[in-house]
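Okay, here's what each chain looks like letter by letter:
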Amino acid sequence: MKVLGIDFTCALGALSNGQFPEKDCLLPLISTLLGYAIVAASTTVKLPQILKILEHGSIRGLSILSFELELVGYTIALAYCLHGGLPFSAYGELAFLLIQALILVAIMYYYSQPVSIKRWMTALLYCGIAPTILAGRIDPVLFEALYASQHAIFLFAKIPQIWQNFSNKSTGELSFLTNFMNFGGSMVRVFTSIQEQAPKSVLLGSVLGVATNAILLSQILIYQKPKSRAEKEKKTE
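Residues numbered from 1 in each chain as written. Predicted model: local features only at pLDDT ≥ 70, side-chain atom pairs only at ≥ 80, totals over all residues. Heavy atoms only, no water.

Another aspect to go through is the overall build of the protein chain. Scanning the protein chain from N- to C-terminus turns up 10 helices and two strands. Per-residue burial for the protein chain yields a buried fraction of 40% across its 237 residues. For the protein chain, the proportion of contacts with a sequence separation of at least 24, taken over those separated by at least 6, is 80%. Looking at the protein chain as shown, the accessible area adds up to about 13500 Å², and 68% of this sits on carbon and sulfur atoms. (Helix = DSSP H or I, 4+ residues; strand = E, 2+ residues; numbered from the N terminus. Buried < 20%, exposed > 50% of the residue type's maximum accessible area, 1.4 Å probe, protein only. Contact = heavy atoms within 4.5 Å. Areas by Shrake-Rupley, 256 points an atom, 1.4 Å probe, with all protein chains shown as cover.)

Right, here's the structure in full:
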């Protein structure tokens, strides 16, 4: 029995016989369900960050470079998975994350007026190269090299934001909810990568995501300022 491409035959067969599904039957099913859960959650994962910027009309404490590098990383990762034969449940969230990352960078440019020539050149360069990468119209060896480098890109995408948080002793407009969902998604993706027997490079990327998102989450908790008594009283009124 298949529902939306998910095979429940093994699990339902065991349950109908009054038995609990065996490990080899249950784990792949859980992996697939979690994979689709991540894809579903990814449609809104960056929405809290977008809304927080729009609400305050500010990108205070946010590193534009971090978000630019993240956009590049999502582009490379999605292109590789699209042309690598992996099931959609193993990478589907990348498509939604890429779209949201584009929106985020655009909003950050808007709130960092005037936009420097360097930023415009960066945007034009991305728009010129990204379609070619996503279409897979590059040499296979170069494709592998790009995908290998995207883990370093994601790692270095977090470093400017982590350092800025540390230097300012504040996380500014950084969204706790978005980073919490990123952390949870990375944890689940480690499990699904193992179950789907994804390349080791894919697993490594998920592990790095867990580590860097954990650091950002801890910074938000450590540097968040407790609300003043006046703010609390105002909220209760």
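Past the structure itself, the notes keep going.
This part is about the pattern of salt bridges. By the definition in use, this model includes four salt bridges. The shortest N-O distance in the salt bridge between Glu-70 and Lys-46 comes to 3.1 Å. Within this pair, whereas Glu-70 is found in helix H4 (residues 64-82), its partner Lys-46 is found in the loop between helix H2 (23-42) and helix H3 (47-56), the two being separated by 24 residues in sequence. Of the residues examined, Glu-70 reaches a relative accessible area of 7% and is grouped as buried. Using a relative accessible area of 1% as the deciding quantity, one classes Lys-46 as buried. Measuring nitrogen to oxygen at the nearest pair gives 2.8 Å for the salt bridge that ties Arg-119 to Glu-68. Of the two residues, Arg-119 is situated in helix H6 (residues 117-134) and Glu-68 in helix H4; the sequence distance between them amounts to 51 residues. (Salt bridge = Lys/Arg side-chain N within 4 Å of Asp/Glu carboxyl O.)

To continue, consider helix H9 (residues 200-223). Here H9 spans 35 Å end to end across 24 residues, near enough to the 34 Å set by a 1.5 Å rise per residue. Those residues of H9 not exposed but buried are Val-202, Ser-206, Gly-209, Val-210, Thr-212, Asn-213, Leu-216, Leu-217, Gln-219, Ile-220 and Tyr-223. At its buried positions, H9 is contacted by helix H7 (140-168) and helix H8 (176-195). (Expected span 1.5 Å × (residues − 1).)

Where helix H5 (residues 93-110) contacts H6, the axes come no closer than 12 Å and their chain directions differ by 165°. Regarding the angle of H5 to H6, the classification is roughly antiparallel. Crossing angle aside, the handedness with which H5 passes H6 is left-handed. Residue-level contacts link Leu-98, Leu-102 and Tyr-109 of H5 to Arg-119, Thr-122, Ala-123, Tyr-126 and Leu-134 of H6. Taken together, the residues of the contact of H5 with H6 break down into six nonpolar, one polar and one charged. (Axes fitted to C-alpha atoms, helices over the stretch in contact; angles between N-to-C directions. Parallel < 35°, antiparallel > 145°, perpendicular 65-115°, else oblique. Left-handed = near helix turned anticlockwise from the far one by under 90°. Nonpolar A, V, L, I, M, F, W, Y, C, P; charged D, E, K, R; others polar.)

Time to look at the nonpolar core. Judged by nonpolar contacts, the single largest core of 38 residues is most densely connected at Ile-53, Leu-62, Leu-94 and Met-108. Looking at this core, the elements with two or more residues in it are H3, H4, H5, H6, H7 and H9. Leaving out residues up to four positions away in the same chain, Leu-62 has contacts with Gln-49, Ile-53, Phe-67, Met-108, Gln-161, Gln-164, Glu-173 and Leu-174. (Core = buried A, V, L, I, M, F, W, Y, C linked by side-chain atoms within 4.5 Å.)

So, on to a nonpolar patch on the surface. A surface patch of nonpolar side chains, about 380 Å² in accessible area, is lined by Phe-176, Leu-177, Phe-180 and Leu-221. The topology assignment puts Phe-176 in helix H8. Among the residues examined, Phe-176 registers a relative accessible area of 36% and is labelled partly exposed. (Patch = residues over 30% accessible without salt bridge, like charges linked within 9 Å, V, L, I, M, F, W, Y side chains within 5 Å.)

Residue Gln-113 is joined to Pro-114 through a cis peptide bond whose omega torsion reads -5°. The topology assignment puts Pro-114 in the loop between H5 and H6. Even without a glycine there, the phi angle at Lys-169 is positive, about 55°. Within the element layout of this structure, Lys-169 appears in the loop between H7 and H8.

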